[in-house]
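Given next are the chains, with one letter for each unit.
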Amino acid sequence: MTMMAGHNDSQHADPLSETAGQRTSLCAEERIRNLTDLTRNLSSTLNLQELMPLVVHEVLRALDMERGVLLLDKGFGELETVVACTRDNGTLTQSDLRETNEVVKELKKSRRPVMTLSWDTRGPDIDSSFYGQGSVVGVPLLDQKRFLGAICLKSKSKRVNFEGENLAYIEAVSAICALSLSNGRSHARMLEAARMSADFGSLLDIKEVLNRTLARVVEITHAEQGFLLIRDDESEPLKVWGEMDRQGSPLQGNHERFISNKVVSRVLQSAEAMLSDNVAQEESFDNTESVLQFGLTSILCVPICSKNSTFGVIYLENRFQEGVFEDEDLRLVQLIADRAGQALENAKLYGQEREIVRALANAVEARDLGTSCHVQRVSEYAVAVGSRLGLSPVELNQLEQAAMLHDVGKIGIPDKVLLNPGALNDKEWEMMRSHPELGLGIVNPVRLPKSVKHGILCHQEAYDGSGYPKGLKGEQIPIFARIIAVVDAYDAMVADRPYRRALPRQEAIDELDRCAGTKFDPEVVIAFFEVLFKEPGK
């Protein structure tokens with residue numbers, strides 16, 4: 001068997017090839033229509049799963065060949081077979097697939113169509129297996145210089161001429177397919193970037209979100225390894241927050257030796273991304289650089305910035321291939337890094353706000369010793385009930401804040417009223433009833449969501465409209481306030497207070513049940529019972 005790349009020499013043309021070429025199922029005019037239809041079909045979908053089988057079946061039909069394989073480059077020197085079929089939709093065996101390996105190697109090397117040719121069926125140098133195998137042709141799928149994959153076609157029963165119109169046709173198909181693959185891949189990446197950006201909407205565990213994002217970035221960009229380096233402020237050194245290999249697994253051993261401190265420092269100082277196709281060709285690197293000693297080839301390093309500072313970098317590398325990363329990868333990772341920077345800044349602010357919330361809640365408990373740990377229990381109960389009612393993670397975060405601050409207005413109630421062990425007179429009771437509005441006034445200067453503030457203001461409203469301060473009724477009462485009202489009442493009943501002893505647990509449960517539909521939202525009461533009965537002893 002002879003491997004030829006882009007063969008155009010007709011001096012030794014196989015006479016059987018012309019006959020086979022004439023037997024091809026589509027004439028020149030039909031080929032043009034076929035290319036037009038193929039272009040239109042490929043342009044109508046960005047779904048790679050729909051696109052690739054379509055290409056293989058159309059080419060098999062146009063060239064009257066029997067078997068086709070489409071492979072895509074996975075990076076790391078590996079190809080993935082994504083389509084392997086016969087013209088009548090049959091599947092190929094492993095031996096069929098192995099026959100394409102030699103062709104693919106030549107395609108990656110030459111970046112030109114490759115075909116098998118026989119010069120003389122009677123000569124002494126004949127590869128007798130070739131005549132039985134018929135024809136095999138491979139075409140590379142190229143996006144500018146980048147090797148995306150290959151299409152390999154085979155006809156076991158005959159030899160086909162891959163010169164002239166046949167060669168022009170298959171090259172046109174490969175160009176159309178490569179463009180469609182590139183567009184489809186870009187579309188899929190943008191969708192993935194949007195999904196990853198949406199993950200940053202949750203601040204429950206920003207480190208978990210960032211690590212999950214890093215794993216996806218490594219996979220999408222064909223990096224061999226990826227690192228997430230973060231610092232708390234500009235005066236502190238970077239710390240490794242996350243590290244992933246191409247399977248999404250944590251790295252083993254001394255992984256930091258693969259990180260170029262020179263690249264990271266340059267990106268931190270300039271706040272601009274750096275992409276290197278081949279580190280060995282960078283003038284700023286010499287043979288003493290660790291990244292060269294460990295054989296790194298391609299590096300992509302992107303800054304994670306906020307408005308006023310650079311938090312860290314996303315650092316990706318590949319030792320197997322030059323030119324793994326391209327401008328599209330840089331734009332994609334930068335988009336994600338920008339969103340990560342916003343999320344980190346928000347998380348930092350959220351942490352500061354949480355400290356303020358905790359300080360205010362502690363101030364309430366410090367004044368009213370009879371309610372020690374009441375705020376903590378109420379917030380835990382509230383989050384558990386909110387989860388039962390299907391609130392989102394962000395809503396549960398906000399509910400927890402509202403529950404912790406629901407009684408913050410009591411800071412403004414005089415001690416003689418707040419700590420009075422006896423019955424309150426009308427004036428004192430009026431003061432006590434003002435604590436929701438006092439609480440709103442206290443937290444208004446703090447950057448808190450409206451839902452948190454509404455929970456503080458309305459937690460003493462009653463489901464039947466008999467509560468205060470506004471006399472809201474039913475679902476006019478914000479859901480946070482309806483939840484806090486139930487769990488606050490329960491915890492108050494089962495705890496000792498200056499004016500009475502704690503009620504037995506069952507009596508408190510019976511009281512909630514009795515007041516469901518009047519003072520309390522019945523759905524919230526049911527959800528609280530579900531939580532409570534799973535936690536015996538509380």
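Residues numbered from 1 in each chain as written. Predicted model: local features only at pLDDT ≥ 70, side-chain atom pairs only at ≥ 80, totals over all residues. Heavy atoms only, no water.

Let us look at the pattern of salt bridges. A full pass over the atoms with the stated rule returns six salt bridges. For Lys 410, the salt bridge is made with Asp 407, and the minimal N-O distance between the two is 3.3 Å. Accessibility assignment for this pair places Lys 410 and Asp 407 in one class, buried. Arg 482 is paired through a salt bridge with Asp 521; the nearest N and O atoms lie 2.8 Å apart. (Salt bridge = Lys/Arg side-chain N within 4 Å of Asp/Glu carboxyl O. Buried < 20%, exposed > 50% of the residue type's maximum accessible area, 1.4 Å probe, protein only.)

Right, let's get into the sheet that holds strand β10 (residues 298-305). With antiparallel pairing, the five strands of this open sheet are ordered in space as β8-β7-β11-β10-β9. Among the strands making up the open sheet, the edge pair consists of β8 (239-245) and β9 (274-276). Adjacent strand axes in the sheet meet at a mean angle of 10°, parallel and antiparallel pairs treated alike. Where β9 meets β10, three bridges bridge the pair, whose relative direction is antiparallel. Paired with Ser 276 across the two strands is Ile 299, which belongs to β10. Across the sheet, helix α9 (residues 261-270) touches β7 (225-230), β9, β10 and β11 (310-318), and the angle it forms with β11 is around 140°. (Pairing = 2+ DSSP bridges. Helix = DSSP H or I, 4+ residues; strand = E, 2+ residues; numbered from the N terminus. Axes fitted to C-alpha atoms, helices over the stretch in contact; angles between N-to-C directions. Contact = heavy atoms within 4.5 Å.)

Moving on, we get to unusual backbone geometry. The omega torsion of the bond from Tyr 468 to Pro 469 falls at 10°, within 30 degrees of zero and hence cis. For Arg 111, which is not a glycine, the phi torsion comes out positive at approximately 60°. Following the sequence through the fold, Arg 111 ends up in the loop between α5 (101-110) and β4 (114-117). With a phi close to 65°, His 222 is a non-glycine residue in the positive phi region. Exposure remark for His 222: the relative accessible area of 14% places this residue in the buried category.

Let us now look at the packing of helix α12 (residues 374-388) against helix α13 (residues 393-405). One can describe the packing of α12 onto α13 by two numbers: an axis separation of 8 Å at closest approach and a directional angle of 150°. Judged by the inter-axis angle, α12 sits roughly antiparallel to α13. Viewed along their axes, α12 and α13 form a crossing whose handedness is right-handed. The residues of α13 that touch α12, namely those facing Val 375, Val 378, Ser 379, Ala 382, Val 383, Gly 386 and Ser 387, are Leu 396, Leu 399, Glu 400, Ala 403 and Met 404. The residue makeup of the contact of α12 with α13, split by class, is eight nonpolar, three polar and one charged. (Parallel < 35°, antiparallel > 145°, perpendicular 65-115°, else oblique. Left-handed = near helix turned anticlockwise from the far one by under 90°. Nonpolar A, V, L, I, M, F, W, Y, C, P; charged D, E, K, R; others polar.)

Right, let's get into the nonpolar core. Ranked by size, the top nonpolar core spans 42 residues in total, and within it Val 385, Leu 405, Tyr 490, Leu 512, Phe 520 and Phe 528 carry the most contacts. Going through the elements one at a time, α11 (327-367), α12, α13, α17 (450-458), α18 (479-493), α19 (505-515) and α20 (522-533) are the ones with two or more residues in this core. If one sorts the elements of this core by residue count, α18 sits on top with nine residues. Look past the residues within four positions of Phe 520 in its chain and what remains in contact with it is Tyr 463, Ala 485, Val 486, Ala 489, Leu 512, Cys 515 and Val 525. Within the second largest apolar cluster, 30 residues are counted, among which are Leu 35, Met 52, Val 56 and Leu 148. (Core = buried A, V, L, I, M, F, W, Y, C linked by side-chain atoms within 4.5 Å.)

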